[in-house]
Amino acid sequence: MIKWLKYVTGVLLLILVLFVYKGWAPDIPHDQLAAKYATGASEFVTLPSGARAHYRMQGNRDGKTMLLLHGSNSSLHTWESWVESLSDDFFTVTIDLPGHGLTGPVPDEDYTYKGMVRFLKEFNESLGLKSFVLGGNSMGGGVTLSYALTYPGDVTHLILVDASGVRLPASTSGKVDRPLAFELAGRWYANWILENITPRSLARDGLMKSVSRTEIVTEDMIDRYWELVRHPGNRSATAKRFSSYREMGGLDLPVDRITAPTLIIWGQEDTLIPVETADVLTAKIPNAQLRIFEGVGHLPMEEIAAETASEVRNFLLAH
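On a predicted model such as this, the values are computed, not experimentally measured, just so you know.

## A look at the nonpolar core
Move 1: With 49 residues, the main nonpolar core has Ile95, Phe123, Leu145 and Leu281 as its most contacted residues.
Move 2: When residues of this core are assigned to their parent elements, the largest contribution, six residues, is made by helix 4 (residues 113–127).
Move 3: Setting aside residues no more than four positions away along its own chain, Leu145 makes contact with Leu158, Leu160, Ser164, Gly165, Leu253, Val255, Ile258, Leu281 and Ile285.
Move 4: Grouped together as the second largest cluster of nonpolar side chains are 32 residues, Trp79, Leu86, Ala203 and Val217 included.

Structure representation (structure tokens):
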């Protein structure tokens, strides 16, 4: 019996060692990541709070300004196809939010929606952005709504793309299928593991579950997500952010107070934030219109970039 227990213990320890060996993923220094991903129009600004922001300003400076916010564990790169399509008509500003991309961690370590709104206000004031279209995908959509509720005078229009911000309706029960990393993040027993053992397969799993048109998921795209999450401080920030979500029990903003004209874009096959949520937002926001795309998942701005960018252009030129 004792020999059997020793054998089983030895096998389990060997499996654990192999798991740690194969999945161990150290941080990648900021300068190394910046050399690879801070390309083209990328710039950095140090805000009065001491936070560093990575951003890009592109397009027609005479057109309406559009500030776009990425989703959870993503980066400003998610908007590049929209930027390319809309640059003739609009001046686009994209940014890595706190705890993401090349912005990395922020001094106050506040990765809640309130903290991100405070960061954005500081960023906007530093760059002189006073009146703009504000858009966001997923988590960035929730930050968009939070910002519009806090500083309504700054925002002329809202663009919500598969956005968070309200609790999932009961009709979505059984439809949600989130990536493993999202389910584990913010739980005390998993945080150390995710902050150190982050195999590339987690990034691939997250992307494949986020989209319906899986052909857009390239090896370079997987590498970008996997490498940027390993920016120093980003994984710890992710743990803090998801922990705050769990403490809140989900976000349910008073979106009926939104007054800006709002375009809501959604993928019919989104399994992270199911399409029924779009109906809730459309019903609650007084001046909202909804466009649902068949055969599309959680990232319409990447899965069908030209079609969704066209919707945005038509909406903004009509308002």
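On we go.
## Quick notes on unusual backbone geometry
Move 1: In this structure, Ser138 takes a positive phi of about 55 degrees despite not being glycine.
Move 2: Its place among the elements puts Ser138 in strand 5 (residues 132–138).
Move 3: Accessibility expressed as a relative area gives 11% for Ser138, which makes it buried.
Move 4: In this model, Asp162 sits at a positive phi of 45 degrees, which is unusual for a non-glycine residue.
Move 5: By the element assignment, Asp162 lies in strand 6 (residues 155–163).
Move 6: Looking at Asp162, the relative accessible area reads 0%, which means it is buried.

## A few points about empty space enclosed by the protein
Move 1: Within the structure shown, the criterion is met by two cavities of 30 Å³ or more.
Move 2: Of the pockets and cavities examined, the second largest cavity occupies roughly 80 Å³.
Move 3: If you go around the second largest cavity, the residues you meet are Asn73, Ser74, Ser75, Gly99, His100, Gly101, Arg224, Tyr225, Leu228, Val229, Asn234 and Thr238.
Move 4: Mapped onto the lining of the second largest cavity, the elements with two or more residues apiece are helix 9 (219–228) and helix 10 (234–248).
Move 5: It is helix 9 that contributes the most residues to the lining of the second largest cavity, three residues altogether.
Move 6: Grouping the constituent residues of the lining of the second largest cavity by class yields three nonpolar, eight polar and one charged.

Criteria and thresholds
Residues numbered from 1 in each chain as written. Predicted model: local features only at pLDDT ≥ 70, side-chain atom pairs only at ≥ 80, totals over all residues. Heavy atoms only, no water. Core = buried A, V, L, I, M, F, W, Y, C linked by side-chain atoms within 4.5 Å. Buried < 20%, exposed > 50% of the residue type's maximum accessible area, 1.4 Å probe, protein only. Helix = DSSP H or I, 4+ residues; strand = E, 2+ residues; numbered from the N terminus. Contact = heavy atoms within 4.5 Å. 1 Å grid on protein atoms, 1.4 Å probe; cavity = no way out; pocket = protein on both sides within 12 Å on 5 of 7 lines; lining within 4 Å. Points joined across faces, edges and corners; volume = space filled by probe spheres on them. Nonpolar A, V, L, I, M, F, W, Y, C, P; charged D, E, K, R; others polar.

By themselves, these observations are geometric and do not establish any function.
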